[in-house]
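Spelled out from the first residue to the last, the chains are:
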Amino acid sequence: MSPYISTPKETLRIIEENDIKLKKNFGQNFLVDTNIARKIIDLANIKKDIILEVGCGIGNLTELLVKKSDKVICIELDYNLSRVFKKIFSSYIGNKIILLEGDALGFNYSEIEKRYRVNKLVSNLPYKIAAPLILKIFLESEILDDGYVTIQKDIAERILAKPKTKDYNAFTVKANILADYNIEFTVPRNCFIPKPNVDSAVVKITKNIKLNAKKINSFFDFVDACFANRRKKLVNSLKNNSSISEHNIALLINFLKKMGKNKNIRGEELTIKEYIYLYENLISYL
Ligand code: SAM
C-alpha cells in the first residue's frame, strides 16, 4: 500500500522529487496529519456525495475524498501543483476526479453545480481567498448546502464574531446571511507544511439563507456601505455613499429610532437581525 500523502515524509518527498517551489501568497500549507484528514472526512459524513474541493494542491485531502465519495471536483490555481496532482491521480482523472485549473474566484458555482451535481464542499482553503470564496460559493450554488472547510483561525473568528467586537465586520454579516457556522475542532499549525503563523479551525457550514435570494447582492452593497468607514458613525458612512439620498438617510434615522437605536450608532453595533430589519424597511426606497 502506498503511503498517505498527508504525512510529512510523503509530502516532502513529493515536493522535492517534483522540484515544487511553494508559493506563500497562494496559501500553500499542506495538511500533513492523516488523522486530522480522516477526522475532517468523517465529519463530512460522505455517502453518495459529489464533493467540491477548492485548492487540491498535491492531493493531501483528495486521496481520502476520492475513496469515500462518488466524485471529487477539484480546483487548483497553481499549474506546478496541478501537473503533479495529475500524475499522482492519473487513474482517477476524468472519471472519479475532475480537475478544473484556474482561479477559484473566477468560476461560476451555479454552472459547476449544474454540470457536475456537486452537493458538498470539503476543502482546506487558501488563506487569501477563503472569505470571499465562502460568500461566492454559498451565494451562487443551490444544491450545495453544506461545507467542511479548514480555515485559519482568524477567519473563523471573524465569521463568528459578535457585534461591538473588533472582528465583527461586513464579512461577518454577509457570511451569516447565507449560512450557519460551527467551529468543530482546531488544527494546530504544526499539522501543516510549511508551518503557517496561526492555527486553523475546521468549520462546518450549513446553508441557511435568511433573505430572499434575489435581494442578497443589494443587501451586500448596503452592508458594505454601512461598514465603509469603521471610525465613522453608520449614518455618516451612508451619507458618503452617492447612491443613498438625503431623504433615505432621514428614513434610516427614523427606522433606527423605531428600533430603539441612537442615530450616532456605528456599523459594528447592529446585530445581523437588525441589519436585515433595516434593509427590508429601506429596500423599497433605495
Ligand atoms: N488541499 C491541500 C491540503 O489540504 O493540504 C492544499 C491546501 S492549501 C491550504 C491551498 C491550495 O489552494 C494550494 O494548493 C494553492 O495552490 C491553492 N490555491 C491558492 N489560491 C487559489 C485560487 N485562487 N484558486 C484555486 N486554488 C488556489
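Residues numbered from 1 in each chain as written. Predicted model: local features only at pLDDT ≥ 70, side-chain atom pairs only at ≥ 80, totals over all residues. Heavy atoms only, no water.

**Q** Break down the domain arrangement of the protein for me, citing the residues and quoting the values.
**A** Domains assigned within the protein are domain 1 (8-210) and domain 2 (214-282). A straight line from the C-alpha centre of domain 1 to that of domain 2 covers 33 Å. The interface is formed by 16 residues belonging to domain 1 together with 16 residues belonging to domain 2. Per-residue buried area on domain 1 facing domain 2 is highest for Y168, K174 and I177; these three make up 38% of the total on that side. Where domain 1 touches domain 2, the interface holds one salt bridge. A salt bridge links K174 to D224, with the shortest nitrogen-to-oxygen separation between them at 2.9 Å. If you tally residues by element for the side of domain 1 that touches domain 2, the top one is helix α8 (residues 170-178), at seven residues. Class assignment of the residues belonging to the side of domain 1 that touches domain 2 gives a composition of eight nonpolar, four polar and four charged. (Domains from an automatic or database assignment. Contact = heavy atoms within 4.5 Å. Buried area = accessible area lost by both parts, 1.4 Å probe. Salt bridge = Lys/Arg side-chain N within 4 Å of Asp/Glu carboxyl O. Helix = DSSP H or I, 4+ residues; strand = E, 2+ residues; numbered from the N terminus. Nonpolar A, V, L, I, M, F, W, Y, C, P; charged D, E, K, R; others polar.)

**Q** Go over the pairing of strand β4 (residues 97-101) with me, naming the residues and quoting the values.
**A** Across the five residues of β4, four count as buried, placing the element largely inside the fold. In this fold, strand β3 (residues 71-76) hands off to helix α4 (residues 79-88), which returns the chain to β4; that crossover is right-handed. (Buried < 20%, exposed > 50% of the residue type's maximum accessible area, 1.4 Å probe, protein only. Right-handed = clockwise from strand over helix to strand, strands pointing away.)

**Q** How would you sum up the nonpolar core? Please name residues and give values.
**A** Among the nonpolar cores identified, the biggest contains 69 residues, and L52, V54, Y109, L234 and Y275 are the most heavily contacted of them. When we break this core down by domain, the ones giving at least three residues each are domain 1 (8-210) and domain 2 (214-282). Non-local contacts of Y275, meaning those with residues more than four positions away in its chain, are made with Y168, V173, F219, F222, V223, C226, F227, L234, G267 and L270. Listed in part, the 34 residues of the second largest apolar core include I14, L31, V84 and Y148. (Core = buried A, V, L, I, M, F, W, Y, C linked by side-chain atoms within 4.5 Å.)

**Q** Provide a residue-level description of helix α2 (residues 34-44), including the pertinent values.
**A** All buried positions along α2 are accounted for by T34, I36, A37, I40, I41 and A44. Relative to the axis of α2, the buried residues are bounded by an arc of 165° and lie together on one face. In this structure, α2 carries N35 and D42 as exposed residues pointing more than 90 degrees from its buried face. Elements in contact with the buried residues of α2: β1 (30-31), α3 (62-68), β5 (120-124), β6 (146-152), β7 (179-187) and β9 (200-207). Two or three places before N35, at the start of α2, stands the capping residue D33, its side-chain oxygen 3.0 Å from that residue's backbone nitrogen. In the segment just after α2, N45 is the residue with positive phi, at about 50°. (Arc of directions from axis to C-beta. Polar contact = N/O pair within 3.5 Å; in protein donor to acceptor, adjacent residues only side chain to side chain.)

**Q** Account for the sheet that holds β3, naming residues and giving values.
**A** Whenever strands of a sheet pair, they do so through backbone hydrogen bonds, lying parallel or antiparallel. With respect to topology, seven strands assemble into an open sheet ordered β4-β3-β2-β5-β6-β9-β7, the strand pairing being mixed. Looking at the sheet topology across the chains shown, the edges are occupied by β4 and β7. Here the average twist between neighbouring strands, direction ignored, is 20°. As defined by bridge partners, β3 adjoins β4 across five bridges and the pair is classed as parallel. (Pairing = 2+ DSSP bridges. Axes fitted to C-alpha atoms, helices over the stretch in contact; angles between N-to-C directions.)

**Q** How would you summarise the site of the ligand if you had to cite specific residues and measurements?
**A** Near the ligand you find 22 residues, and of these L31, G55, E76, D103 and A104 are the closest. In the environment of the ligand, an oxygen atom lies 2.8 Å from a nitrogen or oxygen atom belonging to the backbone of L31. Between the ligand and the protein, one listed contact pairs a nitrogen atom with a side-chain N or O atom of D103 at 2.8 Å. Classifying every residue of the shell around the ligand gives ten nonpolar, eight polar and four charged. (Near = heavy atom within 4 Å.)

**Q** So, the packing of aromatic side chains: which residues are in play, and what are the values?
**A** Considering all chains together, one arrives at six aromatic pairs under this definition. Consider the rings of F85 and F89, whose centres lie 4.6 Å apart with planes at 35°: the pair is tilted. In this structure, F85 and F89 share a single accessibility class: buried. Between F89 and Y92 the ring centres are 6.4 Å apart and the planes differ by 45°, which places this aromatic pair in the tilted class. For Y92, a relative accessible area of 28% corresponds to the partly exposed category. Here the aromatic cluster, defined as three or more aromatic residues joined through ring pairs, consists of F85, F89 and Y92. Sitting over the ring of F185, K39 keeps its end group 4.2 Å from the ring centre. (Phe/Tyr/Trp six-rings, centres within 6.5 Å; stacked < 30°, edge-to-face > 60°. Lys NZ or Arg CZ within 6 Å of the ring centre and 35° of its normal.)

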